[in-house]
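Here's the letter readout for the chains.
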Amino acid sequence: MFTRLAVVAGIWALVIGMTASAAVAQPGPVPGRGDDRSGVSRYFSSPQGFAIPTVPCDPAGPSPTDGVMADQLNPQLHAKMAGYLNAYKMSCARMVTQAVKDRGLNPRAAAIAIATIIVESSMNNYSQAVDHTSLGLFQQQDWWGTREQRLNPTYATNAFLDDMERRYPAGSWNNAPIGEVCWRVQQPREDLRHLYGIEADDAALIANALWSGTGGGPKHPYASGRVVSGRSADGRLEAFAAGADGVYHSWQTAVNGAWSQWRFAGGPRNAQLAVASNADGRLEVFALSDTTFDHMWQTAPSAGWSAWENFGTGGYRLAAGNNADGRIEVFASNANGVFHRWQTAPSGGWATWEGVGGGPANSRLAMENAPDGRLEVFALSDSTFQHLYQTSVNGGWSTWENFGGGGRDVAASYNQDGRLEVFASNANGVFHRWQTSPSTWSEWTGTGGISNAELTTSRSVDGRVEVFAINATTASHAWQTGPNAAYSQWETFGGGGTEIGASNNADGRIEVFGTSQAGVYHRWQTGFATWSEWGWLNDSGPAIN
């Protein structure tokens, strides 16, 4: 490998014919060429590369957010790009990530693509071929497309993904190591095979930050309850549990990694909790008890926390989500119905509390985003179920519509194609209802399941909805058998408890949190279809009755 160096007079002549890529990227057997993928190129260890001309990735150029995100991520990277991210490179990664989103794939696919462009071009959209005819972020040769196509990040990313899905049919790339998938598509020499794996962790960090950041579609809500978890801007999960004496806090000490000990954070006692992400990446936590409503927030992305500040008076349940423009919107119920409060600007101040035309008294709440970013709210009481939605993106709200009978708990999620899915429990088990189009709903359908359960949902890395239920005697689990598809039978997931929550690690693996009178447990995917056993989340944490 080359060491970090700058181009000076005399060096250029020595490197003509070498490439800024690790691979001669080839899309498959090329007519007349056989299928020789041995590669003849070399890897630039320096992300600065040589003075090769580039073209913009985003025609509008880097955004201010690209620069902010690069500054936030640089200290967290450990491989080739550590300290070398800038607004331009982030704009290139953003365009790649958006192409993955638009294709309907998941953050892991974005991490695979980003690991590839880190190795191939140091995230530069090179417009001059140095290795044969290779151009662009992926250093694709001329058989991948025209010059203009290969310099278009959307086209180049989809060409890469086409080949990835050809080599790994039926989503099997989800279960292969990131570096191996990159290598299979790019096909450099065998001795360069390991380079993509080196970049996998950093690529996942960048992909996650972009996926959950301000650009590219709605930012879907985290579930509310007695135990909640959200993901910091750097990809680490943070968990909060509501004890009898206040709120407790634990966090991953590394991305996809182990957990800290619980920290007592104060705040309302025996609270219901919700967590949401500000447009600038800072998490914000809301805690509602029967006498008060408080909130606290990260003082910077992935940083420490403010003191608690009053947010309102007491109530019953709450939910928090994001408008399409990034502004957080909070709903809460009490004996008089449902109320809401919202940020007047992204990451900014708050409007006063307002009613939303009634709604079920003392209802359990769930929120989700429609594919266009509009928020939808579901409110379930003991006797009724109603539904409310924004009439336009970032806009006002409809009147309440009847959505069914009463029940115990409610959870919402979304299919890979964007259609919403709602689950409710009662004494007879778990039921669900789903959108048959953006504005129409199925009837309620029973799924079996345990009675009078607390519910939560998450999504597998390939976009399948997974549902988790717990009551006093048992925990249970069901999942879609394929994206947008029917559900499996329920399987036992553990013993009984008092609450259940779920979130996703930066690499897409689901992490489930269960509470009981003994404390807080967790169970996590060890692969994308296998699970650990239950264990304490570092230590027992607070008892939750």
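Residue numbers run consecutively from 1 along every chain, following the written order of its sequence. Since the coordinates come from a predicted model, pLDDT governs what is reported: local features require at least 70, and pairs of side-chain atoms require 80 or more to be given and counted, while whole-chain, interface and lining totals use all residues. Hydrogens are left out, water is left out, and the side-chain values use all remaining heavy atoms of the structure.

The name an unreviewed UniProt entry gives the protein is PLL-like beta propeller domain-containing protein, with Streptomyces purpureus as the organism.

Numbering of helices and strands runs from the N terminus; a helix is a DSSP stretch of H or I covering at least four residues, while a strand is a stretch of E covering at least two. Relative to the assigned elements, Ser503 resides in strand β26 (residues 499-504). Each residue is assigned to one of three classes by its accessible area relative to the maximum for its type, calculated with a 1.4 Å probe on protein chains only: buried under 20%, partly exposed between the two thresholds, exposed over 50%. Taking the relative accessible area as the measure of exposure, Ser503 reaches 3% and is therefore buried. For Ser503 and Arg459, which are 44 residues apart along the polypeptide, the C-alpha to C-alpha distance reads 8.6 Å. Any two residues whose heavy atoms approach within 4.5 Å are treated as being in contact. Excluding its chain neighbours within four sequence positions, the residues that come into contact with Ser503 are Tyr222, Ser229, Leu237, Ser458, Arg509, Ile510, Glu511 and Phe513.

With that settled, the discussion passes to the packing of aromatic side chains. Two aromatic rings, drawn from Phe, Tyr or Trp (for Trp, its six-membered ring), form a pair once their centres lie within 6.5 Å of each other, and the interplanar angle then sorts them: stacked below 30 degrees, edge-to-face above 60, tilted otherwise. Using the criterion set out here, one finds 23 aromatic pairs in the structure. Measuring from centroid to centroid gives 4.9 Å for Phe311 and Trp350, while their planes differ by 90°, and the two rings are edge-to-face. Highlighted residues: Phe311 in strand β8 (residues 309-313) and Trp350 in the loop between β11 (337-342) and β12 (354-355), separated in sequence by 39 residues. Residue class for Trp350 comes out buried when judged on its relative accessible area of 19%. For the pair Phe468 and Trp531, a centre-to-centre distance of 5.9 Å together with 75° between the ring planes defines the contact as edge-to-face. Here Phe468 is found in strand β23 (residues 465-470), whereas its partner Trp531 is found in the loop between β28 (519-524) and β29 (535-536), with 63 residues between them in sequence. Taken together, Phe286, Phe293, Phe311, Trp350 and Trp353 form an aromatic cluster joined through their ring pairs. Its guanidinium or amino end placed over the ring of Phe403, Arg433 lies 4.4 Å from that ring's centre, counting from NZ or CZ. Criterion for a charge above a ring: Arg CZ or Lys NZ at most 6 Å from the ring centre, at most 35 degrees from the ring normal.

For the rest of this paragraph, the subject is the sheet that holds β11. Strand pairing is assigned whenever DSSP detects at least two bridges linking the two strands. Read from one edge of the open sheet, 4 strands run β9-β10-β11-β12, paired in antiparallel fashion. At either end of the open sheet lies a strand with only one pairing partner, and these are β9 (317-322) and β12. In the sheet, β11 pairs with β12 via 2 bridges, with the strands oriented antiparallel. Note on β12: the bridge partner recorded for Phe339 is Gly355.

Any two cysteine sulfur atoms lying within 2.5 Å of each other are counted as a disulfide. Inspection of the entire model under this criterion finds 1 disulfide. Residue pairing for Cys57: its cysteine sulfur links by disulfide to Cys92, the two sulfurs lying 2.0 Å apart. Of note, the bridge from Cys57 to Cys92 carries an S-S torsion of about 85° and is right-handed in sense. Highlighted residues: Cys57 in the loop between α1 (12-15) and α2 (64-73) and Cys92 in helix α3 (residues 87-103), separated in sequence by 35 residues.

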